[in-house]
Amino acid sequence: MLLALVAQMGEFKPVTTVQLQTSFLRPVPRGTPHVIVTGRVLRHGKTLSYGEVDIHTPDGKLAAHATTTYALL
């Protein structure tokens, strides 16, 4: 999520996690060579930014979903 936030802002700025909620939906099988991680900034404000992250297995199944809130310092 931090990489998506840096891309949104155009530079790195210090942030701190206010809230992080993760739902683990299925295990990633042992020996899986990689997973697909997608981070999205839902709203970027002056003091708070909201986002979500999805982690998919190579076959496209959703393994985990997280929502985040960051405070800009």
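The structure we're discussing is the one just above.
Definitions and cut-offs
- Residues numbered from 1 in each chain as written.
- Predicted model: local features only at pLDDT ≥ 70, side-chain atom pairs only at ≥ 80, totals over all residues.
- Heavy atoms only, no water.
- Helix = DSSP H or I, 4+ residues; strand = E, 2+ residues; numbered from the N terminus.
- Buried < 20%, exposed > 50% of the residue type's maximum accessible area, 1.4 Å probe, protein only.
- Polar contact = N/O pair within 3.5 Å; in protein donor to acceptor, adjacent residues only side chain to side chain.
- Contact = heavy atoms within 4.5 Å.
- Pairing = 2+ DSSP bridges.
- Salt bridge = Lys/Arg side-chain N within 4 Å of Asp/Glu carboxyl O.

**Q** Before we move on, could you go through the side chain of Ser-49 and cite the residues and values that matter?
**A** Along the polypeptide, Ser-49 turns up in strand E3 (residues 48-56). Residue classification places Ser-49 among the buried residues on the basis of a relative accessible area of 2%. Engagement of the side chain of Ser-49 in a polar contact is seen with the side chain of His-44, the distance being 2.5 Å. Ser-49 has contacts with Leu-5, Arg-43, His-44, Thr-68, Thr-69, Tyr-70 and Leu-72, leaving out every residue within four places of it along the chain.

**Q** Tell me what's going on with the pairing of strand E4 (residues 62-72), and back it up with residues and numbers.
**A** The buried fraction of E4 amounts to 8 of the 11 residues, a majority that puts the element mostly inside the structure. Note that strand E1 (residues 15-24) and E4 share 9 bridges and pair antiparallel. Along E4, the bridge assignment pairs Leu-20 with Thr-68. The pairing of E3 with E4 spans 9 bridges and is classified as antiparallel. Note that in E4 the partner of Leu-48 across the bridge is Ala-71. Linking E3 to E4, which pair antiparallel, is a turn of 5 residues; within it Gly-60 sits at a positive phi near 90 degrees.

**Q** Go over the pattern of salt bridges with me, naming the residues and quoting the values.
**A** A full pass over the atoms with the stated rule returns 3 salt bridges. The partner of Glu-52 in a salt bridge is Arg-40, and the shortest N-O contact between them spans 3.1 Å. Note that Glu-52 is positioned in strand E3 and Arg-40 in strand E2 (residues 36-44), a separation of 12 residues in sequence. You can call Glu-52 buried: its relative accessible area is 18%. Note that Asp-54 and Arg-40 form a salt bridge whose closest N and O atoms lie 2.8 Å from each other.

**Q** Please provide a residue-by-residue account of the environment of Pro-58, values included.
**A** Counting through the fold element by element, Pro-58 comes out in the loop between E3 and E4. Separated by 25 residues in sequence, Pro-58 and Pro-33 place their C-alpha atoms 8.4 Å apart. Leave out the neighbours within four places in its chain, and Pro-58 touches Thr-32, His-34 and Ile-36.

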